[in-house]
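Residue-level structural notes
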Amino acid sequence: MRNLITKTAYNLLKTKTFEELSVDEICEACGISKPTFYKYLGSKENLLGYFYEDVLKEYNTAYSMLMEDTYWNQICAGFESIIKASTEFGINLYSNLFIANLKNNQGTFNFDDNLAKTMIVLFEKSQKVGQIRNTSNPKNLYYVCVNASFGYGINWCLGNNKGDLTKLFRKALEDICDVDPKFRIKD
């Protein structure tokens, strides 16, 4: 039932903003009552977390990371798959997702333990071979980069990022990590 409600609401959002879409419209399109909606979702805002999870699942972060030839490029591929999923999600939904989590933390932006462990190992290996020259603790460096990605996401929602979000964020990662110049993207 939750999947039906989520998919139906996501389809309805192709023609409306999150604010414009009502629970009544979702229920009518699903052929369910409001109590059924709330039983399975709890609130309209909870839809956002489910939408985002579904979009993230479409981007196989692990696969895209493994296809890269260097540890640094694997790190970038991991972040880039999340950025691509977020931009596909769209500014309206992503903004509302941030707002919903600020009002009542739904855990949407909690760190994924498996991804974090993999990324921390990649940071460590990249440091050992000189691709990343920042000698900070790999775990701390990873979390700084993740939090920078949240900042870029918020700025994107506010319309402050001019240009390709993926390239802008990669340049920030390069600076934070002090990446060897031969691994930096060209302007």
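Overview of the structure. (Residues numbered from 1 in each chain as written. Predicted model: local features only at pLDDT ≥ 70, side-chain atom pairs only at ≥ 80, totals over all residues. Heavy atoms only, no water.)

Considering helix α9 (residues 138-158)
The terminal C-alpha atoms of α9, which comprises 21 residues, lie 30 Å apart, in line with the 30 Å expected from a rise of 1.5 Å per residue. Every buried residue of α9 is listed here: P138, L141, Y142, C145, V146, A148, S149, F150, G153, W156 and C157. Of the residues flanking the start of α9, the one acting as N-cap is N137, its side-chain oxygen 2.7 Å from the backbone nitrogen of K139. Taken from the residues just after α9, G159 is the one with a positive phi, measuring 80°. (Helix = DSSP H or I, 4+ residues; strand = E, 2+ residues; numbered from the N terminus. Expected span 1.5 Å × (residues − 1). Buried < 20%, exposed > 50% of the residue type's maximum accessible area, 1.4 Å probe, protein only. Polar contact = N/O pair within 3.5 Å; in protein donor to acceptor, adjacent residues only side chain to side chain.)

Describing helix α6 (residues 71-89)
End to end, α6 covers 28 Å across 19 residues, agreeing with the expected 27 Å (1.5 Å per residue, within 8%). Of the residues one or two after α6, G90 is the one with positive phi, at around 95°.

Quick notes on the packing of α6 against helix α10 (residues 165-177)
Describing two packed helices takes the angle between their axes plus the distance from one axis to the other. Look at α6 against α10: their axes get within 10 Å of each other, and the N-to-C directions meet at 145°. The handedness of the crossing between α6 and α10 is right-handed. Taking contact as the criterion, the partners of W72, N73, C76, F79, E80, I83 and T87 in α6 are, on α10, L165, T166, F169, R170, L173, E174 and C177. In the contact of α6 with α10, the residues fall into eight nonpolar, three polar and three charged. (Axes fitted to C-alpha atoms, helices over the stretch in contact; angles between N-to-C directions. Left-handed = near helix turned anticlockwise from the far one by under 90°. Contact = heavy atoms within 4.5 Å. Nonpolar A, V, L, I, M, F, W, Y, C, P; charged D, E, K, R; others polar.)

Focus: the side chain of E80
Mapped onto the secondary structure, E80 falls in helix α6. Overall, E80 belongs to the buried group, its relative accessible area being 19%. Not counting chain neighbours up to four residues away, the residues in contact with E80 comprise T166 and R170.

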